[in-house]
Amino acid sequence: MSHNHSHSVTNHNRAFVVSVALNTTFVIIEAVYGIIANSLALLADAGHNLSDVLGLLLAWGASLLVQRQPSTRYTFGLRRSSILAAFANAVFLFIVSGGVGWEAIQRFRDPAPVEGDTVIVVAAIGIAINTVSALMFLSGRERDLNIRGAFLHLAADAGVSLGVVLAGIAIVLTGQQRFDPATSLIVTIVIVVSTWQLFRDALSLITDAVPAGIEPLAVRTYLLERPGVTGVHDLHIWAMSTTETALMAHLVIPNGHPGDAFLAEIYHDLHENFSIEHATIQIELGDSGQPCALAPENVV
């Protein structure tokens, strides 16, 4: 039985530090002026931004934990913590959006006067801060679900802040206070829509589904087409973290073990063609007269 692994971790520490600092400062400013201006839209956005600060801290912690070395107890290290962080972020955002939506509905029934000018200025600052923060995670969003979660939250915040600016302008021009809770409902919808795919992807990885972008049948076909291979079974593909994928499989080769060069080629091709970084291959001769106990598809 042989294995191969290659890990590539991009360090986003600086992006996390700057984003957490900027967003924490903005949450305080937005909450204070939301109270002063009596704006639910600002308070709702402040709550959302606070959840993003906590989410950023969670994602940051997970990005550090995945770099911990394996131990005799945690033989894969703590790589799966990044998946748990992405899932926790999604759940937390759903909870926050529910609270914001409920409060907006209550405010529709009893609208209160809002200082539109204050709303416009504060939300405009939010657009700048969230845009700058999101751009720092732009390069890592395609490779890491954990980083994608941070990017999506910040990008959504920039869009939400834009909506709050438009609500403030509408209030100033029309005097209609219901633009404020209406924007809050839009905030809720944006949060839910932007979070749903993150939630699905994270839940999929937690339950050991084959990561998105990898076609299991294509992997099986590739292995079956290797010289001398007559059968493939006990094939499993799962995520060790939000950036690393593992594979294990039994290959039936009646002519005997083909050598390390054969395995090295498979490991290289799995990495290059399927982004599988950690592969464990077991070679079987199939000459015992009895099939491997793990050969049936319904056996794990």
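All values reported here derive from a predicted model rather than from experimental measurement.

Peer 1: Mind laying out the overall build of the protein, listing which residues take part and the relevant values?
Peer 2: Check the secondary structure of the protein and you find 8 helices and 4 strands. When the elements of the protein are put in sequence order from the N terminus, they spell out β-α-α-α-α-α-α-α-β-β-α-β. Taking 19 Å as the expected radius of gyration for a compact globule of 300 residues, we find that the protein reaches 25 Å, considerably beyond that expectation. When its C-alpha atoms are laid out on the principal axes, the protein stretches across 85 × 35 × 30 Å. Within the protein, the fraction of its 300 residues that count as buried is 45%. Contacts spanning at least 24 positions in sequence make up 74% of the contacts within the protein whose residues lie at least 6 apart. Carbon and sulfur atoms make up 63% of the accessible area of the protein, which amounts to about 14700 Å² in all. Put simply, the protein has 14 plus and 25 minus side-chain charges, and the middle of one group is 4 Å from the middle of the other.

Peer 1: Got a sec to walk through the pairing of strand S3 (residues 245–252)? Specific residues and values, please.
Peer 2: S3 sits mainly inside the fold: 7 of its 8 residues count as buried. As paired strands, strand S2 (residues 231–239) and S3 are joined by 7 bridges and run antiparallel to one another. Within S3, the position partnered with Trp238 by the bridge is Ala246. One ladder, built from 7 bridges, connects S3 with strand S4 (residues 278–284); its direction is parallel. Within S4, the residue paired with Leu251 across the bridge is Ile283. The parallel pair S3 and S4 is bridged by helix H8 (residues 260–274), and the resulting crossover is right-handed.

Peer 1: Mind laying out the packing of aromatic side chains, listing which residues take part and the relevant values?
Peer 2: By the definition in use, this model includes 7 aromatic pairs. Pairing Phe16 with Trp60 gives two aromatic rings, centres 6.0 Å apart and planes at 5°, and the pair type is stacked. Here Phe16, found in helix H1 (residues 13–37), pairs with Trp60, found in helix H2 (residues 40–65); they are 44 residues apart in sequence, far enough to count as distant. For Phe16, a relative accessible area of 0% gives the class buried.

Peer 1: How would you explain the nonpolar core if you had to name every residue and give the values?
Peer 2: Side chains that are nonpolar tend, in soluble globular proteins, to be buried together. Counting residues in hydrophobic clusters, the biggest one holds 22 residues, and the most contacted among them are Val219, Leu223, Leu247, Leu251, Leu270, Ile276 and Ile281. Elements represented by at least two residues in this core include exactly helix H7 (216–224), S2, S3, H8 and S4. Once residues lying within four places of it in the same chain are set aside, the contact partners of Ile276 are Ile214, Val219, Ile237, Thr245, Ala246, Leu247, Leu270 and His271.

Each value, and the rule that gives it
- Residues numbered from 1 in each chain as written.
- Predicted model: local features only at pLDDT ≥ 70, side-chain atom pairs only at ≥ 80, totals over all residues.
- Heavy atoms only, no water.
- Helix = DSSP H or I, 4+ residues; strand = E, 2+ residues; numbered from the N terminus.
- Rg over C-alpha atoms; globule rule 2.2 N^0.38 Å.
- Buried < 20%, exposed > 50% of the residue type's maximum accessible area, 1.4 Å probe, protein only.
- Contact = heavy atoms within 4.5 Å.
- Areas by Shrake-Rupley, 256 points an atom, 1.4 Å probe, with all protein chains shown as cover.
- Lys, Arg positive; Asp, Glu negative; His and termini not counted.
- Charge placed at Lys NZ, Arg CZ, Asp CG, Glu CD.
- Pairing = 2+ DSSP bridges.
- Right-handed = clockwise from strand over helix to strand, strands pointing away.
- Phe/Tyr/Trp six-rings, centres within 6.5 Å; stacked < 30°, edge-to-face > 60°.
- Core = buried A, V, L, I, M, F, W, Y, C linked by side-chain atoms within 4.5 Å.

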